[in-house]
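Single-letter residue listing:
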Amino acid sequence: MRTILNQSFGKVALLWLATLFTAVTEAQIQYGFTAATGTFTPNTGATTLYSAGTDDELSAAQNIGFTFVYGCNSYTQFKVCSNGFISLGAAATNNTYTNALATTGQGPLIAPLWDDLVVGTGGSVNYVLTGTAPNRVLTVEWLNMKWNYQAPVASTSFQVKLYETSNVIEFIYRRESTTLNNPTASIGINGGSSATDYYSLNGTGTAPAAVYGIEKYDLNSQPASNQVYRFVPGIGTVTAVQASTAAVPKCEQNQVILGVQVTVSSCAASQSLTQLQFNMTGSTIAGTNTNDVSKIHIYYTGNSAVAATANEFVSGGVTPATGTVTASGSQALVSGINYFWIVYDINTATATTGNVLDAQCTQLTITGLNYTPVTTNPAGNRAIAACAIAPGSVKSNLAFWVKANAGTSSTVNTTALTLWSDQSGNSRNATSAVAATSPVYYDNSTNNINFNPVVNFDAAAQNTALADFMDISSNGILSSGNNPYTVYAVLKPGTGNLSTPGKFLFSGIFDAAGNTFNSFDIRSNTSFNDSWCLNDLISTGQWTASYPSLATYDFNSVQRQMFNAGTSVGAKVGSARNSSDLNCALGCQRAVTPNKEFYDGGIAEIISYANTSHDATTRYKIESYLAIKYGVTLSHNYLSSVGTTVWNRSINTVYNNNIIGIAQDNNSGLNQKQSKSTAVVPDILTLYVGPSKIVNQAGNTGTFTAGDQSFFMAAHNGDPYLYTGAATEVPAGICCRLQREWLSQKTNFTNTDLKLEFDFNVITPGYSPLNTADLRLLVDNDGNFTNATILGSPAVTITVSASVVTVTVPAANFTSTPYFTLASVSASTPLPLRFVKLNANCAGSTAQINFTTENEINTDRYSIERSADGRNFTPLADVKSRAATGQQSYRWTDAAPLAGTSYYRIKTTGADNTTSYSSIMTFVDCGTELVRLATDATSGESELFLQLSQHAAVELALFDAMGRRYAVPGVTGKQNMTQGTYRFPVTGTLKTGVYMLSLSINENKRVFRLVKQ
């Protein structure tokens, strides 16, 4: 009994736990649990161990009478504690009234009612052996026990039964009275292998659960008379798992919906599954007809966690039905985890795209006992998708397809990947066996491409022990010999391959004498390369570090051709390819030892077609799918998977800048609910549907109300965001508006929750004021906004948060090709103050801060701030605003700039004390030479900044993507320059396109890539 309750209790309990059992090495116990009703029959002819009044006693070792197998170990003796448990073996040396299944850790312990008990009047603790071999039963009985020791009368009798041969354990109870005294019991069994190796009942009713590793130590109600709790050895965890949440192709059979796992002990007697019960709850059509699902199959794969159709539990399957579906058969189980799969055949004729498929597994019958899975309905389901899911619905000869939003071994941000599953259906999966060289899954706002995750490969400075790569062991990703191929890649290159090539896709062997491998890489001069060993097709100036690129490589057995965002950037005639289909890999050259030429950067998607060359229409469909998904602007029309033109560049050739789109195209597996341009020169517009924009658009709960083949596309005219003078094309009632305009093209798009998000932080970080009540959306059919429709509340909903304006507008407000822009009805929201000019230049040994504003009405002052690290800024001086319309220029001189690099910004304070900040200017002290090419986010124009520390001979040359030289007055040519700072506006007169700027200072040459939007 309890005699003290003080701080020494913990030590006493721990001492008992340390001495109660000697250590026994055994595997984790695996028992199935069921509750039933039996008959409590008191022992007769039993051996009495304790009589009335006995408290806190542990018996000497007693003989079981047969060999009892528990937790894969054999026992012939046991000890009995008056406090409601027995221990197997002879190792126990102490007793306790403290029930502690969770902390013993050394068992074996079998506890039908462990608490501080006392044998009551007329009671005893006894045992008896009954039956004949091999079916004998040991029954240990606690008769007329007080619960707990201070209870006035006995309340409970109970027994433990150990069964020979089957090794089943049963607890059975009888109520003697209802008089309990502060009961706090545990009921369960302990394995002895670790401190968490036990099953603990979570209640004392008719259907409690035996929970593994979580103890319920305060049970305070009696089990009913004749209640039986049965532990059956061999069957451990029974659970259902969500095998996949990927879309289910409408035209394919044998789609796994649910996995069922049964864990069997390695020392268990033979076990057999004879029945499995499930239902279709969670499905859009939950068995009421066969429109979505024509047949249901259950397959068994033994210990293999890979679903297969070789072994069917019920031959021919079962028919969908409402309520419980019962599948009866016979399947012997093996030790370890047994895998069963509930599989649906999709009705190819009547299945509805978008409908959901799900299942619940409710009961399994194993060797005559019924088991309820721990989890019956795991989270997740599978939606029906259209047939022939492939990029652009181009399925023919699709050899390999990996995309970061599907098939990765983890979807947790910054997790190393061991598997990247091939989505082509060919099982050419990419794997990584070593954590140090595994690429990393990124799903965050910094690394994602247009709200889609990426897989990042770290070249680790070409350190073979650390650089990332993945093997594609089944090979077959490209054709062999001189056969044709087409490869598509969406990459986000890093800086690690500016000196050493980085192969993002590789196949073949290395033989310097022949074209024996085929690889695709990025390299110096920001080049793309389609390499046949030593025979390269290289195109320079094709990518910018940390920005996405969409590259296409096509070989028709006669000529290789390379495309960047749909534009041809290089071709090479030749048919000497002799590549073999070996050593396939992502991220490096795999045909040598050690590996080399590791790729540095992100891979969002790679698609390869073997033994085929794609014509323009086919290529357009696949490039359109990728461009919409990743926010890339193409140089050709955008086609849906069924060939419909969803963006026509010829409708208005001016409005083809920063093309973006949201779309549902089931044939491509495209469900892009959010989109913004991922170009080097961004745009302020983001499109999305649904209640909110999130980091990974796959989690956006919005839907396309028109369903499949629904598109909303937009692009702008290339104008600056703001007017340099008075605004034009302003309808009556509008004060001011953005100069930039957008054209939209919609196809089968009917949503009422289209969001147009304008992020003014792109123009001026923290810009204000933006008064919600002043803002309007202008929509026009011809691009002349003089007669535009003005949309405000309640036709649209406009909100402002953190300098981001969001307009929710129903699609019905647009024609098929409307123009739109954002406007204001009041000068209190001038749209907006603009820094037309903002720079920090050397002036002798001082730093001269120059800035020109526009529309600075309602502005009180400008504060010049300086920082040494670009994060922590200190105010230096205030300049009073003139609060005037038009452009106003200011200059302030820092007489004592910091040594080395420093940073400046302008804080704007409005008349109403609202504040905003300019972009940050970088300044390097005047004794340092500096070259910087910058693109203004507002105007989209690029400027070359030179800071010369001494007299220098400077030459500038400009070339387009085809290598043609351009002359720009005042910029290109040779010049002798003195010490100082210079600015060259290099893109003002250029047409939209990609250019290379060559700069030579005293014959030291460098090359820049320019994009004119």
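This structure is a prediction, so every number in the text was calculated from the model and none was measured. (Residues numbered from 1 in each chain as written. Predicted model: local features only at pLDDT ≥ 70, side-chain atom pairs only at ≥ 80, totals over all residues. Heavy atoms only, no water.)

### Quick word on the overall build of the protein
Piece 1. A tally of regular secondary structure across the protein gives three helices and 73 strands.
Piece 2. Overall, the C-alpha framework of the protein stretches about 115 × 70 × 55 Å when taken along its three principal axes.
Piece 3. Within the protein, contacts between residues at least 6 apart in sequence are counted, and of these 69% link residues at least 24 apart.
Piece 4. Total accessible area on the protein stands at roughly 37,800 Å², and carbon and sulfur atoms take up 49% of it.
Piece 5. Seen as two clouds, the 56 positive and the 62 negative side-chain charges of the protein have centres 4 Å apart. (Helix = DSSP H or I, 4+ residues; strand = E, 2+ residues; numbered from the N terminus. Contact = heavy atoms within 4.5 Å. Areas by Shrake-Rupley, 256 points an atom, 1.4 Å probe, with all protein chains shown as cover. Lys, Arg positive; Asp, Glu negative; His and termini not counted. Charge placed at Lys NZ, Arg CZ, Asp CG, Glu CD.)

### Quick look at the nonpolar core
Piece 1. Grouped together as the largest cluster of nonpolar side chains are 42 residues, with contacts concentrated most on I607, L626 and Y638.
Piece 2. Looking at this core element by element, the count peaks at six residues for helix α3 (residues 616-630).
Piece 3. Among the domains, domain 3 (392-629) and domain 4 (638-732 + 741-815) are the pair contributing at least three residues each to this core. (Core = buried A, V, L, I, M, F, W, Y, C linked by side-chain atoms within 4.5 Å. Buried < 20%, exposed > 50% of the residue type's maximum accessible area, 1.4 Å probe, protein only. Domains from an automatic or database assignment.)

### Section: the sheet that holds strand β19 (residues 293-300)
Piece 1. Read from one edge to the other, the open sheet built from four strands follows the order β15-β17-β21-β19, with strand pairing classed as antiparallel. Bordering the open sheet on either side are β15 (235-241) and β19, each of which pairs with just one other strand. Geometrically, the sheet is characterised by an average inter-axis angle of 15 degrees between neighbouring strands, direction not taken into account.
Piece 2. With five bridges joining them, β15 and strand β17 (residues 255-264) adopt antiparallel strand pairing. (Pairing = 2+ DSSP bridges. Axes fitted to C-alpha atoms, helices over the stretch in contact; angles between N-to-C directions.)

### Some words on the pattern of salt bridges
Piece 1. The tally for this structure, following the rule as stated, stands at 18 salt bridges.
Piece 2. The closest approach of N and O atoms between R619 and E623, which form a salt bridge, is 3.2 Å. Note that R619 and E623 are positioned in helix α3 at a spacing of four residues, about one turn of the helix.
Piece 3. Judged by relative accessible area, which is 8%, R619 ranks as buried.
Piece 4. With a shortest N-O distance of 3.8 Å, E729 and R737 are connected by a salt bridge.
Piece 5. Via salt bridges that share partners, D521, R523 and D536 belong to a single interconnected network. (Salt bridge = Lys/Arg side-chain N within 4 Å of Asp/Glu carboxyl O.)

### Quick look at the environment of G53
Piece 1. Tracing the sequence through the fold places G53 in the loop between β2 (47-51) and β3 (62-70).
Piece 2. Among the residues examined, G53 registers a relative accessible area of 54% and is labelled exposed.
Piece 3. Sequence-wise, G53 and V118 are 65 residues apart; in three dimensions their C-alpha atoms are separated by 6.2 Å.
Piece 4. G53 has contacts with V118 and V119, leaving out every residue within four places of it along the chain.

### Observations regarding the packing of aromatic side chains
Piece 1. Taken as a whole, this structure holds 36 aromatic pairs when the rule is applied.
Piece 2. Ring plane angle 40 degrees and centroid distance 5.5 Å describe the contact between Y485 and F555, whose orientation is recorded as tilted. A residue pair is termed long-range when its members are at least 10 positions apart, and Y485 in strand β33 (residues 485-493) and F555 in strand β38 (residues 549-555) qualify at 70 residues. For the pair shown, Y485 and F555 are each scored as buried.
Piece 3. In this structure, R560 packs its charged tip against the face of W532, placed 3.8 Å from the ring centre.
Piece 4. The ring of F873 carries the charged tip of R905 above its face, separated from the ring centre by 4.1 Å. (Phe/Tyr/Trp six-rings, centres within 6.5 Å; stacked < 30°, edge-to-face > 60°. Lys NZ or Arg CZ within 6 Å of the ring centre and 35° of its normal.)

### Concerning the side chain of D600
Piece 1. Structurally, the position occupied by D600 is in the loop between β41 (585-586) and β42 (601-610).
Piece 2. The charged side chain of D600 is buried without a salt bridge, its nearest counter-charge being K492 at 12 Å.
Piece 3. Within the structure, the side chain of D600 is placed 3.4 Å from the backbone nitrogen of T495, a separation counted as a polar contact.
Piece 4. Those residues in contact with D600 that sit more than four places away from it in its chain are F457, D458, A459, P493, G494, T495, G496, N497 and I522. (Polar contact = N/O pair within 3.5 Å; in protein donor to acceptor, adjacent residues only side chain to side chain.)

### Comments concerning the domain arrangement of the protein
Piece 1. Assigned domains within the protein: domain 1 (31-233), domain 2 (237-385), domain 3 (392-629), domain 4 (638-732 + 741-815), domain 5 (834-924) and domain 6 (931-1012).
Piece 2. Put simply, the middle of domain 3 and the middle of domain 6, counted by C-alpha atoms, are 32 Å apart.
Piece 3. Every contact between the two is made by seven residues of domain 3 and, on the other side, four residues of domain 6.
Piece 4. Surface buried jointly by domain 3 and domain 6 totals about 410 Å² across both partners, of which 45% is contributed by carbon and sulfur atoms.
Piece 5. By the criterion of area lost to domain 6, the three top residues of domain 3 are G541, Q542 and T544, representing 55% of everything that side buries.
Piece 6. Between the two partners, domain 3 and domain 6, sit zero salt bridges.
Piece 7. Residues of the side of domain 3 that touches domain 6, tallied by class, amount to one nonpolar, six polar and no charged. (Buried area = accessible area lost by both parts, 1.4 Å probe. Nonpolar A, V, L, I, M, F, W, Y, C, P; charged D, E, K, R; others polar.)

### Side note on unusual backbone geometry
Excluding glycine, residues mostly have negative phi values, and the peptide bonds linking residues are mostly trans.
Piece 1. The peptide bond linking W147 to N148 adopts the cis configuration, its omega dihedral lying at 0 degrees.
Piece 2. Mapped onto the secondary structure, N148 falls in the loop between β8 (137-147) and β9 (156-163).
Piece 3. Within the chain, N167 stands out as a residue other than glycine whose phi angle is a positive 60 degrees.
Piece 4. One non-glycine residue, F451, lies in the positive phi region at around 70 degrees.
Piece 5. Turning to its location among the elements, F451 is positioned in the loop between β30 (440-442) and β31 (454-457).
Piece 6. Its relative accessible area of 9% is what places F451 among the buried residues.

### What about the pairing of strand β37 (residues 535-539)?
Piece 1. Judged from the five bridges that link them, strand β36 (residues 527-532) and β37 form a sheet pairing that is antiparallel. Its bridge partner lying in β37, F528 is registered against S539.
Piece 2. The turn joining β36 and β37, which pair antiparallel and follow one another in sequence, is formed by two residues; a positive phi near 60 degrees is taken by C533.

### As for the pairing of strand β11 (residues 186-190)
Piece 1. The buried fraction of β11 amounts to five of the five residues, a majority that puts the element mostly inside the structure.
Piece 2. Burial along β11 is two-sided: the residues S186, G188 and N190 and I187 and I189 are all buried.
Piece 3. Strand direction decides the pairing type here: strand β6 (residues 109-114) and β11, joined by four bridges, are antiparallel. Within β11, the position partnered with L109 by the bridge is N190.
Piece 4. Relative to strand β12 (residues 198-201), β11 is paired through three bridges, and the arrangement is antiparallel. Bridged to G188 within β12 is S200.

### Concerning α3
Piece 1. Under the 1.5 Å per step criterion, the end-to-end length of α3 is 20 Å for 15 residues, consistent within 8% with the ideal 21 Å.
Piece 2. Burial within α3 is extensive, with 12 of its 15 residues counted as buried.
Piece 3. Three or more residues of α3 are buried, namely T618, R619, K621, I622, E623, S624, Y625, L626, A627, I628, K629 and Y630.
Piece 4. The first or second residue beyond α3 is G631, which carries a positive phi of 70 degrees. (Expected span 1.5 Å × (residues − 1).)

### A word on the sheet that holds strand β23 (residues 360-366)
Piece 1. Taken in spatial order, the four strands of this open sheet run β20-β18-β23-β24, and their pairing is antiparallel. Of all the strands in the sheet, just β20 (325-332) and β24 (369-371) have a single pairing partner and so form its edges. When strand polarity is set aside, the average angle formed by the axes of neighbouring strands in this sheet is 20 degrees.

### As for the environment of Q30
Piece 1. In this fold, Q30 is placed in the loop between α1 (9-19) and β1 (31-37).
Piece 2. Residue class for Q30 comes out buried when judged on its relative accessible area of 17%.
Piece 3. Ignoring sequence-local partners within four residues, the contact set of Q30 consists of Y199, V232, P233, G234, I235, G236, T263, V264, S265 and S266.

### Quick word on the confidence of the model for the protein
Detail in the predicted coordinates should be disregarded across regions flagged by low pLDDT.
Piece 1. In the predicted model, the protein carries a mean pLDDT of 88, and the fraction of residues at 70 or more is 94%.
Piece 2. A low-confidence stretch, residues 1-26 stays under pLDDT 50, and its non-local contacts, those more than four residues away or across chains, total 54 contacts. (pLDDT = per-residue confidence, 0-100.)

### A closer look at the environment of K250
Piece 1. Examined against the element boundaries, K250 turns out to sit in the loop between β16 (248-249) and β17.
Piece 2. Each C-alpha atom of the pair K250 and I790 lies 44 Å from the other, and the pair is 540 residues apart in sequence.

### Some thoughts on the state of the cysteines
Piece 1. Here the structure, examined in full by the defined rule, presents zero disulfides.
Piece 2. C584 carries a free sulfur, and the closest cysteine sulfur to it, the one in C588, is 12 Å from it.
Piece 3. By relative accessible area, which is 2% here, C584 ends up buried. (Disulfide = S-S within 2.5 Å.)

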